[in-house]
Amino acid sequence: MDSKIEPRVGTAFDREMMQRCLTLARRALGRTAPNPLVGAVVVQDGKIVGEGFHPGAGQPHAEVFALKAAGDRAQGATVYVSLEPCNHYGRTPPCTEALIAAGVAKVVVGMVDPNPLVAGGGVARLRSAGIEVVVGVEEADCRQLNEGFIHRMVYQRPFGIFKYAMTLDGKIATTSGHSAWITNPAAREEVQQLRIACDAIIVGGNTVRIDNPRLTIRQIDAPNPLRVVMSRTLDLPTTAHLWQTETVSTLVMTQAGANPDMQMLLRDRGVEILELDSLTPTAAMAHLYQRGCLSVLWECGGTLAAEAIAQGTVQKIFAFIAPKIIGGSTAPTPVGDLGFTQMTQAITLERVQWRTVGSDCLMEGYLPSRESGVGSRESGDKGDKGEES
Ligand SMILES: Nc1nc(O)c(N)c(N[C@@H]2O[C@H](COP(=O)(O)O)[C@@H](O)[C@H]2O)n1
Ligand SMILES: [Zn+2]
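Predicted, not measured: the structure shown is a model, and the values here were computed from it.

Caption draft 1: Structural context of the overall build of the protein chain. What the protein chain contains, in helices and strands, is eleven helices and 14 strands. In terms of overall dimensions, the protein chain is globule-like: its C-alpha atoms have a radius of gyration of 23 Å, near the 21 Å expected for 389 residues. Along the longest, intermediate and shortest principal axes, the C-alpha atoms of the protein chain span 65 × 50 × 40 Å. Within the protein chain, the fraction of its 389 residues that count as buried is 51%. Working note: accessible area of the protein chain is about 17,700 Å², and carbon and sulfur atoms make up 52% of it. Distance between charge centroids for the protein chain: 3 Å, based on 37 positive and 41 negative side chains.

Quick look at the structure:
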């Protein structure tokens, strides 16, 4: 929805405080899975007297940190929090009871918690204790920050993001497979930020063979996502950056019984191996859900990307477009065969945003939900210049 016509909830001060909550919440980007990113502030007489954010699963919630920082000044205060306070015993006790015990007068909530264990119960509990509650301040921004958490809660699957970089003529590499670099340094820095916000990155075997990526975060103290390789054959190089697992973990998903010698070699290097009965994007995402991932970044080639899209495991696309032309009728393109023959079958992205990053363009957009008709295939072909999985 256009933000200009979206009804605004709360005063300008409320919105400013909620934006402060979101800024605080972002400090834990990439560290909270399977929990959400949450920030909270306590305001007394128009001044912030306590702030907090949720640092990660198993640790106290944002509200608890903010109340602790406020101390006695929480009595009669207004608490702003980007996600509805919980009213259940999880790894930590309910925040509703902490807010009630602190004697706060009002709670301003960014969005209702999609967790079925909360889902409005936190708001109801606060109101039943006589606390004034306002819901929906800066809701769109609160939802955007936690789109991975929301998707995970609603669909019991991680939120899938497909990121690629292509030339102006639609290629992701030359005919020889060379692709370093399509985009400019500023765009590559954007990719670093995107990786920090994700819990896992998936590539296929071809990416390991051709690009030998590191898939690491260069920023000191930033979290590294789990690196995941999908390979049916395990026909992979014996030395690769991804097999260096001292500081960042790598998981190789393969087909049951594949290449036992390679499995042993990889295990010796500290790589975790997961054998699946059927190695599909759906199965890979189901496993990553079980591991607690909120957002998963697909950084794969065209064939695996087409499978991932067709199976509904991609919800959002980040496409970098560089003003370069390399030609080549067999040069690989971002998405392999989807089986479409008519333009009417095209997947039209929604909520699309374009911006420039240095000399490159970045398009962010969402795939329509599965109900609107993207076909489902359980396995893709391999053999084009795309990705073996
Ligand atoms: N309001 C709020 N603030 C936080 O800081 C949070 N982490 C949450 N999380 C909600 O509670 C569930 C996790 O509970 P435990 O950490 O296991 O106790 C999480 O799924 C959210 O629903 N909420
Ligand atoms: Zn809580």
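Caption draft 2: Just the packing of helix α2 (residues 62-70) against helix α3 (residues 95-102), in detail. Running from N to C, α2 and α3 point in directions that differ by 20°, and their axes come no closer than 9 Å. Between α2 and α3, the crossing angle belongs to the class labelled roughly parallel. As α2 runs across α3, the sense of the crossing is left-handed. The segment α2 lies against α3, with Glu 63, Val 64 and Leu 67 engaging Cys 95, Ala 98, Leu 99 and Ala 102. Split by residue class, the contact of α2 with α3 holds six nonpolar, no polar and one charged.

Caption draft 3: Here's a closer look at the packing of α3 against helix α4 (residues 121-128). Running from N to C, α3 and α4 cross one another at 25°; their axes reach a closest spacing of 10 Å. One way to sum up the angle between α3 and α4 is to call them roughly parallel. Both α3 and α4 take part in a crossing whose hand is right-handed. Contact residues: Thr 96, Glu 97, Leu 99 and Ile 100 in α3; Gly 122, Arg 125 and Leu 126 in α4.

Caption draft 4: Broad picture of the sheet that holds strand β3 (residues 78-81). If you walk across this open sheet you meet the five strands as β2-β1-β3-β4-β5, and the pairing is mixed. Lying at the two open borders of the sheet, with one neighbouring strand each, are β2 (47-53) and β5 (132-135). Looking at each pair of strands side by side, their axes are set apart by 15° on average, direction ignored. As defined by bridge partners, strand β4 (residues 106-109) adjoins β5 across four bridges and the pair is classed as parallel.

Caption draft 5: Region of the structure containing the pairing of strand β12 (residues 316-322). Of all seven residues that make up β12, seven are buried, and the element is covered over most of its length. Burial along β12 is two-sided: the residues Lys 316, Phe 318, Phe 320 and Ala 322 and Ile 317, Ala 319 and Ile 321 are all buried. Inspection of the sheet shows strand β6 (residues 159-167) paired to β12 by seven bridges, in the parallel sense. The residue bridging Thr 167 from the neighbouring strand is Ala 322, located in β12.

Caption draft 6: Examining the packing of aromatic side chains more closely. Taken as a whole and judged by the stated rule, the model has two aromatic pairs. Aromatic pair Phe 13 and Tyr 80: ring centres 6.3 Å apart, planes at 80°, arrangement edge-to-face. Of this pair, Phe 13 sits in helix α1 (residues 12-25) while Tyr 80 is found in strand β3, placing the two residues 67 residues apart along the sequence. Between Phe 162 and Tyr 164 the ring centres are 5.0 Å apart and the planes differ by 40°, which places this aromatic pair in the tilted class. Classification of Phe 162 by relative accessible area gives buried; the value is 1%. Its end group placed over the ring of Tyr 366, Arg 351 keeps NZ or CZ at 3.8 Å from the ring centre.

Caption draft 7: Quick look at the sheet that holds strand β11 (residues 295-298). Taken in spatial order, the nine strands make up an open sheet running β10-β9-β8-β7-β11-β6-β12-β14-β13, and their pairing is mixed. Two strands bound the open sheet, and with one partner strand each, they are β10 (272-276) and β13 (350-357). With direction set aside, neighbouring strand axes in the sheet form an average angle of 20°. Bridge analysis of strand β8 (residues 226-230) against strand β9 (residues 250-255) gives four bridges, and the strand direction is parallel. Along β9, the bridge assignment pairs Val 228 with Leu 251.

Caption draft 8: Main features of the domain arrangement of the protein chain. Under the domain assignment used here, the protein chain contains domain 1 (12-147) and domain 2 (157-366). The centre of domain 1, based on its C-alpha atoms, is set 35 Å off from the matching centre of domain 2. Each side of the interface is counted separately: domain 1 has nine residues, and domain 2 has eleven residues. Both faces considered, domain 1 and domain 2 share a buried interface measuring about 810 Å² in area, 53% of it formed by carbon and sulfur atoms. Inspection of the region where domain 1 meets domain 2 yields one salt bridge. Of the charged contacts in the structure, one is a salt bridge between Lys 316 and Glu 147, with a shortest N-O distance of 2.9 Å.

Caption draft 9: How the structure looks around unusual backbone geometry. For the bond from Ala 33 to Pro 34, the omega torsion is 5°, close enough to zero to count as cis. Phi at Arg 351 takes a positive value of approximately 45°, unusual for a residue other than glycine. Using a relative accessible area of 56% as the deciding quantity, one classes Arg 351 as exposed.

Conventions we followed
- Within any chain, residue numbers begin from 1 and follow the written order of that chain's sequence.
- All chains are assigned letters beginning with A, and all ligands numbers beginning with 1, in the order in which they are written.
- Per-residue local features are limited, in this predicted model, to residues with pLDDT of at least 70; the limit for side-chain atom pairs, both in listing and counting, is 80 or more; totals at the level of whole chains, interfaces and linings are taken over all residues.
- Side-chain measures here rest on the full set of heavy atoms in the structure, leaving out hydrogens and waters.
- Helix numbers and strand numbers start at the N terminus; a helix is a DSSP run of H or I with at least 4 residues, a strand a run of E with at least 2.
- Computation of the radius of gyration draws on C-alpha atoms alone. For the globule rule, the value is 2.2 Å times the number of residues to the power 0.38.
- Relative accessibility decides the category of a residue: with a 1.4 Å probe and only protein chains considered, values under 20% of the type maximum give buried, values over 50% give exposed, and everything between is partly exposed.
- Per-residue and other accessible areas follow the Shrake-Rupley method at a 1.4 Å probe size, with only the shown protein chains counted as cover for residues.
- Charge convention: Lys and Arg are scored as positive, Asp and Glu as negative, and His as well as the terminal groups of each chain are ignored.
- We put the charge of a Lys on NZ, of an Arg on CZ, of an Asp on CG and of a Glu on CD.
- To obtain an axis, a line is fitted to C-alpha atoms, over the contacting stretch when the element is a helix, and the angle between two such axes runs from 0 to 180 degrees between their N-to-C directions.
- Throughout, the term roughly parallel applies to angles under 35 degrees, roughly antiparallel to angles over 145, roughly perpendicular to angles from 65 to 115, and oblique to all others.
- Crossing handedness is defined as follows: a turn of the near helix away from the far one that is anticlockwise and smaller than a right angle gives a left-handed crossing, while the clockwise case is right-handed.
- Whether two residues are in contact is decided by their heavy atoms, any of which lying within 4.5 Å being enough.
- Amino acids are sorted into nonpolar (Ala, Val, Leu, Ile, Met, Phe, Trp, Tyr, Cys and Pro), charged (Asp, Glu, Lys and Arg) and polar (every other residue, Gly among them).
- When DSSP finds at least two bridges between two strands, those strands are taken to pair.
- Pairing of aromatic rings covers Phe, Tyr and the six-membered ring of Trp, with a centre-to-centre limit of 6.5 Å; geometry is then stacked below 30 degrees between planes, edge-to-face above 60, and tilted otherwise.
- Only lysine NZ and arginine CZ atoms are considered, and such an atom sits over a ring when it is within 6 Å of the ring centre and within 35 degrees of the ring normal.
- Domain start and end points were adopted from an automatic or database domain assignment.
- Throughout, the accessible surface (probe 1.4 Å) given up by two parts as they are put together, summed over both, is called the buried area.
- Salt bridge, as used here: a side-chain nitrogen of Lys or Arg that lies within 4 Å of a carboxyl oxygen of Asp or Glu.

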